[in-house]
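Here are the chains, one letter per residue:
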Amino acid sequence: MLRFLGNQGIRFKILAGYTSIFIAASLIGGAIIYFQVKPTITENIQNELNNTTGVVLNMVKTAANVSIKNYLRAVCEKTKENIEHIYQRYESGQLSEAEAKNEVRKIIFSQTIGKTGYIYCVNSKGVPIEHPNPDIVGRGDWAHLPFVREMVKRKEGYLEYEWKNPGEKKFRSKALFMSYFKPWDWIVSVSTYSEELKGLINVNDFQESILALKFGKTGYAYVIDSKGNVIVHPNLKGNFFDAQDGEGNYFIREMTRLKTGRLTYSWKNSNEKEFRKKIVIFNYLPEYDWIVASSVYSDEFYSILKIVKKIVIISIFIMLSLVLLTSLWLSNLIIKPLRVLMNHFAKGESGDLSTRVPVKSSDEIGKLSMYFNNFMEKLEIYNTSLKAEISEHQFTADALRDSEWKYKSILKCIHEGYFEVDLKGNFTFFNHSMLTLSKYLKEELISKNIKDLFDIKDSNGVIKNFDAMGLPGKSGGIIEWELIRKGSSNRFAEISLSTIADKKGYQTGFSGVVRDVTLRIQSQKALLLSEEMFSKAFHSNPSGMFLANIETGKLINVNESFLKLTGYDSAGVLGKGLIELEFFRNKKEGQRLLKLLKEKRSLRNHEIDFCRTSGEIRQGTLSAEVLEIWEGMCILVALEDHTKTRLLEKEFLDMRERERQKIAFYLHDDLCPQLIGIEVLIEILKQKLKKKLPDTADYADKIRLLVKESIQKTRLMSRGLCPADIVNHGFDSSLSELVGYVEDVFGIVCHLDCDESTIAHDEFNPFTDNTIATHAYYIAHEAVHNAVKHADAKNISIHFSTQNNKSRLMIIDDGKGISQNVNGKGMGLKIMNYRARRIKASLEIKNPAQGGTRVLLEIENDMAVLNKD
């Protein structure tokens, strides 16, 4: 900043100096005034808002207390009238005293004040005589409670106190009205929590008084509850809990959270164009869950500050104008003669050394003009002699400069290192790239010998290359050597050498160009290592591995494990296609798999059936990746044989089906007949009971109905565990019976939606095959049972359709969904996945965005034909 000011003109310095001092003084004075006035105004705003809020709070409390007091007094007086009436009946002899008190007890205990309030009586000693809680009646320690002592003292009137029931954490405000019934020495008390009677408060009692309070131009008071509902407001009605200010802040939520305090937010009324800052001070009335607030726009209270600000700014501008005019007049007296002198300096700088300044005064400007004239006379003499010397050296300097520029430009621009050494190998010159390659500093490298930059075992070879070059100017060709760098790893480099000679043609040293080829050599080594590792991993892998052309399917390479799995020998398979070798159980399935690989470029754990040379069909999983090898697209495939695993899975599933059938037959053939026998015995029992105990005969009939329901549910359960031949019965009919079974047994809504085109039994419908239909039915059965037992579903939908050459079975429920940690780990889910694999179908189980669980089974119709084959 000081350098900038030093470079400016004198006029600018005078103007800037005076103006800066004046502006600084004016701003400091204005700021002092502003910041003295602002705290006072702010304090007045807060005091006024606090006072207003307090007034409104007192209005609400007063109105609430009056309403509660009148209500409790009315109940108390009415209760006392009832007691007096019953007492008159006692005196007239219509009732005994015990009967009279018992009737009073029924009346007072049948009434509820608010939600939890009640009526009770104590005597003049403070002992409870009548109370809804029998444990309290007769307790003498009640007389020591402060509010009970006050009741005994006053006997009549309204009383407020704090009370906490056993198990509660904090005291709450409670109101009581009492009246004394002298004949029985009873203080009749009607008591309840104040907060429970807030519904008695009539807002109209104090609404006009609150709305009449105004401050500023538009400030007002209002009342809301903790849920954002407007109780009293001059303009608004309804709920504003989610109201946002101009910055997107939920200020009503913040008020309901703080309960008591102060907030600032931006607000815009419907008739206003832009948001303005608003101040609100609020207090909480816990008995009625109300928040009493007073708000006002801040700019209405701070308007006086705007006036002060305008006065200060106008004063600054007026005085600044006076300062600028005065500064301009003073600067003109100094700058005008200086400009004349500057013009003559400019002429001298442009080459006119004969210029002279006229001396018109004897002040500092006049003396400066005399010094300038003497300087220009001497400079003119020196200029004449200097021109003569320069012309002599101009030609030589131009030629040398041109040569050096070209030489330096080349050495600076090339990325290769360039060096020159003497006949002993000591460095005499090198470029910057040589320093970058060697990691040495310039001062370090100039003291080194070229043998210091080579691996010691290569040094003799390099010197022999120098000696073999012989004649000056002869090139030594390109050699490779290892460069030893300072404090870093060595690098591989190529060097091109040539000799250096003096003017007489004698050899004085050597020059060389160095290129870093480390990355090329490392890449070559890495490529060889990668090929070796791939070959070992390929041939030693326990999974069957083969490499094939993706277009023709012809095998390029196979490992030993593949040959063992398939029974082929390498000579018989290499160069032949997978389809040609009849590797796939079905050619169409093989063609579809190759097409799928071209589309997806990758497969993982794909189930296939493949054939050995003996004709044996094996089951396995296939994983593949598409690779680019030798400028051609190939597939690298890993094959694993899971035939034994699939046989074990089939045996387990068959065993499970046998147990399911065994249980179904037991329920149908054993349990159902026994339940039918019980039903008949109960009917006989019912007939006998009608004769002897007619009142209990209905119970026997209810038991018989329950047994009949059990018989029906047992039959449904038996049919669900072991359905009939699904194909002959109809796959849609079996699903319909499953829906009915779920609704009858579990009592939840289950809906079936079948596409009419799917029901037709044509050759392309996969569910005309009993194996496919059975597996699909049990997948749906397991999905429905999971929704009922584990997901707590209330509604289940089963959709069955055919579209895009695919048959789809989808089960959707509205339960809590399947956990990601459980997905695929349960036995039921594993069996569902196994069944899907058995029929060459895809199974997807996931939680949709709208909730619940969706189970989707898809099977391609052409694959179903393959399964039949």
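Look up: the structure comes first, before these words.
Residues numbered from 1 in each chain as written. Predicted model: local features only at pLDDT ≥ 70, side-chain atom pairs only at ≥ 80, totals over all residues. Heavy atoms only, no water.

Colleague: I'd love a proper account of the packing of aromatic side chains, names of residues and values included.
Modeller: Enumeration according to the criterion identifies 18 aromatic pairs in this entry. Look at tryptophan 142 and phenylalanine 147: their rings are 5.9 Å apart centre to centre, the planes differ by 75°, and that puts the pair in the edge-to-face class. As far as the burial class goes, tryptophan 142 and phenylalanine 147 line up, both buried. Taking the centre distance of 6.3 Å and the plane angle of 80° together, the rings of phenylalanine 427 and phenylalanine 430 count as edge-to-face. In terms of burial, phenylalanine 427 and phenylalanine 430 fall into one category: buried. An aromatic cluster is present here, built from Tyr118, Tyr120, Trp142, Phe147, Tyr161 and Trp163 joined pairwise through their rings. (Phe/Tyr/Trp six-rings, centres within 6.5 Å; stacked < 30°, edge-to-face > 60°. Buried < 20%, exposed > 50% of the residue type's maximum accessible area, 1.4 Å probe, protein only.)

Colleague: If you had to explain the environment of valine 637 to someone new, which residues and values would you point to?
Modeller: Topologically, valine 637 is positioned in strand β21 (residues 632–641). Valine 637 sits in the buried class, given a relative accessible area of 2%. Sequence-wise, valine 637 and arginine 604 are 33 residues apart; in three dimensions their C-alpha atoms are separated by 10.0 Å. In this structure valine 637 touches Gly544, Met545, Phe546, Leu622, Ser623 and Ala624, once residues within four positions along its chain are discounted. (Helix = DSSP H or I, 4+ residues; strand = E, 2+ residues; numbered from the N terminus. Contact = heavy atoms within 4.5 Å.)

Colleague: Run through the sheet that holds β21, naming residues and quoting values.
Modeller: Spatial strand order, β18-β17-β21-β20-β19: 5 strands in an open sheet with antiparallel pairing. At either margin of the open sheet sits one strand with a lone partner, and together these are β18 (555–558) and β19 (602–611). Between one strand axis and the next, the sheet turns through 30° on average, direction left out of account. Examined bridge by bridge, β19 and strand β20 (residues 617–629) share 8 bridges and lie antiparallel to one another. Of the residues in β20, the one forming a bridge with phenylalanine 610 is arginine 618. (Pairing = 2+ DSSP bridges. Axes fitted to C-alpha atoms, helices over the stretch in contact; angles between N-to-C directions.)

Colleague: Describe the packing of helix α20 (residues 731–746) against helix α22 (residues 770–789), with residues and values.
Modeller: Relative orientation of the contacting elements α20 and α22 amounts to 20°, with a least axis distance of 11 Å. Between α20 and α22, the interaxial angle falls into the category roughly parallel. The way α20 lies across α22 gives a crossing that is right-handed. In contact with Phe731, Ser734, Leu735, Leu738, Tyr741, Val742 and Phe746 of α20, α22 contributes Ala773, Ala776, Tyr777, Ala780, His781, Val784, His785 and Val788. Each residue belonging to the contact of α20 with α22 can be placed in one class, and the counts come to 12 nonpolar, 3 polar and no charged. (Parallel < 35°, antiparallel > 145°, perpendicular 65-115°, else oblique. Left-handed = near helix turned anticlockwise from the far one by under 90°. Nonpolar A, V, L, I, M, F, W, Y, C, P; charged D, E, K, R; others polar.)

Colleague: Describe the packing of α22 against helix α23 (residues 827–838), naming the residues involved and giving the relevant values.
Modeller: Two quantities define a packed helix pair, namely the angle between the helix axes and the distance between the axes. Orientation of α22 relative to α23, taken along the N-to-C sense of each, is 155°, at an axis distance of 9 Å. As summarised for this structure, α22 and α23 are arranged roughly antiparallel, according to the angle between their axes. The two elements α22 and α23 cross, and the hand of that crossing is left-handed. Each of His775, Tyr778, Ile779, Glu782, Ala783 and Asn786 in α22 lies in contact with α23, whose residues at this interface are Gly828, Leu829, Met832, Arg835, Ala836 and Arg838. Of the residues contributing to the contact of α22 with α23, the split by class is 6 nonpolar, 3 polar and 3 charged.

So far we have only geometry, and geometry alone does not tell us how the molecule works.
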